[in-house]
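Each chain, letter by letter, is given below.
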Amino acid sequence: MKPLECILSSCALLISIQGSFSRQLPSQTDNEIRYSKTAGRVGPSSYWRPKENAVEPPLFVGSFNIQTLSKKKLRNGYLMPTIEKIVHRYDLILVLELMTNDPKLMEKFAKDINDFAPDGVTYNMTVSIDPHVNEYIGIFYRTDKLRMLKSESYYDPEKFYRKPFFLLFDSPTLRDMKQFGLIGYHVKPAQAVREIDALADVYDFMKDKYNIE
């Protein structure tokens, strides 16, 4: 399936944040894989240092439903190079229908994305957590353009089959939007209209919870 060039409400919702937000949040969440091409996986002590007053072209953001990205596919030496090339087109991309969160496979996935990334480009990866459905969202983002401040799932089984996944980012490269939120969600086709409508509730909840307006 061709990756979407824009994030639509059926997959993800972009939240513009114009207010203030504390920069004292942890620089790494529990499910985040940070990566250095020289040191491999790195821990929370590796701090992100943005360039002051940096101005670059707009972020390229995408969502890609790989259709059942299982352990077998993750080990497929013919398929994965194509997936890696698609990820490299974007500064921030959500990978839907990730069917495993096995730590070793996720670290290998992140390593492969970075080993073949363009020179000077490094991606961090985080994975959503949903114990009720064996399906996850994988998020890759460029560390020279973004820092993830927060991630969490939204739980409302009466409205959503899966859990919407919220992420808060900080970016020094956007002139008019230093911080923004993203809600990733894989809609269940049979209840698409109801779930898409309910994403407005997730938006309002996250906006109020973090006082970001």
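Residues numbered from 1 in each chain as written. Predicted model: local features only at pLDDT ≥ 70, side-chain atom pairs only at ≥ 80, totals over all residues. Heavy atoms only, no water.

## Observations regarding the overall build of the protein chain
Okay, step 1: A tally of regular secondary structure across the protein chain gives four helices and 10 strands.
Okay, step 2: Counting the 213 residues in the protein chain, one finds 52% classified as buried.
Okay, step 3: In the protein chain, 68% of the contacts between residues at least 6 apart in sequence involve partners at least 24 apart.
Okay, step 4: When the accessible surface of the protein chain is summed, it comes to about 11200 Å², and 52% of that surface belongs to carbon and sulfur atoms. (Helix = DSSP H or I, 4+ residues; strand = E, 2+ residues; numbered from the N terminus. Buried < 20%, exposed > 50% of the residue type's maximum accessible area, 1.4 Å probe, protein only. Contact = heavy atoms within 4.5 Å. Areas by Shrake-Rupley, 256 points an atom, 1.4 Å probe, with all protein chains shown as cover.)

## A short note on the packing of aromatic side chains
Okay, step 1: For the structure on display, the rule yields six aromatic pairs.
Okay, step 2: Between Y154 and F160 the ring centres are 6.2 Å apart and the planes differ by 85 degrees, which places this aromatic pair in the edge-to-face class.
Okay, step 3: Since its relative accessible area comes to 12%, Y154 is described here as buried.
Okay, step 4: Centroid distance Y154 to F205: 5.3 Å. Interplanar angle 70 degrees. Geometry classified as edge-to-face. In this pair, Y154 is assigned in the loop between β8 (147-153) and β9 (165-170) and F205 in helix α4 (residues 192-209), connecting sequence segments 51 residues apart.
Okay, step 5: Ring pairing ties together the aromatic residues Y154, F160, Y185 and F205, which thus form one cluster. (Phe/Tyr/Trp six-rings, centres within 6.5 Å; stacked < 30°, edge-to-face > 60°.)

## Regarding empty space enclosed by the protein
Okay, step 1: Under the counting rule described, the total for this entry stands at two cavities of 30 Å³ or more.
Okay, step 2: Lining of the largest cavity is provided by S128, D130, E135, Y136, I137, R162, K163, G184, Y185 and H186. (1 Å grid on protein atoms, 1.4 Å probe; cavity = no way out; pocket = protein on both sides within 12 Å on 5 of 7 lines; lining within 4 Å. Points joined across faces, edges and corners; volume = space filled by probe spheres on them.)

## Here we look at the pairing of strand β5 (residues 92-98)
Okay, step 1: With respect to burial, β5 is a largely interior element, seven of its seven residues being buried.
Okay, step 2: In this sheet, β5 lies alongside strand β4 (residues 61-69) in parallel orientation, the contact comprising six bridges. Paired with F64 across the two strands is V95, which belongs to β5.
Okay, step 3: Here five bridges tie β5 to strand β7 (residues 136-142), and the two strands are oriented antiparallel to one another. By the bridge assignment for β7, L92 is matched with Y141. (Pairing = 2+ DSSP bridges.)

## Structural notes on the environment of V202
Okay, step 1: Structurally, the position occupied by V202 is in helix α4.
Okay, step 2: According to the relative accessible area criterion, V202 is buried, its value standing at 0%.
Okay, step 3: Remark: the alpha-carbon pair of V202 and P164, spanning 38 residues in sequence, is separated by 7.8 Å.
Okay, step 4: When neighbours within four sequence positions are excluded, V202 is seen to be in contact with Y154, F160, P164 and I183.

## Focus on the nonpolar core
Okay, step 1: Core analysis: the largest hydrophobic core is formed by 25 residues, its most contacted members being L69, L74, L98, M106, F109, M125 and F140.
Okay, step 2: Only β4, α2 (80-87), β5, α3 (103-115), β6 (123-127) and β7 provide two or more residues apiece to this core.
Okay, step 3: The greatest single-element share of this core, amounting to five residues, is contributed by α3.
Okay, step 4: With residues up to four places along the chain from it excluded, the contact list for F140 reads V87, D91, L92, I93, V95, F109, A110, I113, Y123, N124 and M125.
Okay, step 5: L92, L94, M148 and L167 belong to the second-largest nonpolar core, a separate cluster that totals 16 residues. (Core = buried A, V, L, I, M, F, W, Y, C linked by side-chain atoms within 4.5 Å.)

## Comments concerning α2
Okay, step 1: Here α2 has its buried residues at M80, I83, E84, I86 and V87. Down the axis of α2, the buried side of the element spans an arc of 160 degrees, and every buried residue falls inside it.
Okay, step 2: Against the buried residues of α2 lie β4, α1 (71-74), β5, α3, β6 and β7. (Arc of directions from axis to C-beta.)

## Here's the deal with the confidence of the model for the protein chain
Okay, step 1: Of the residues in the protein chain, 73% reach a pLDDT of 70 or more, and the chain-wide mean stands at 78.
Okay, step 2: Least confident of the elements in the protein chain is strand β1 (residues 12-17), whose mean pLDDT is 43; most confident is β6, at 95.
Okay, step 3: Under a pLDDT of 50 for its full length, residues 14-28 has, in the predicted model, 41 contacts with residues more than four places off or in other chains.
Okay, step 4: Taken together, the stretch residues 41-48 has pLDDT below 50 and engages in 23 contacts with residues farther than four places along the chain or on a different chain. (pLDDT = per-residue confidence, 0-100.)

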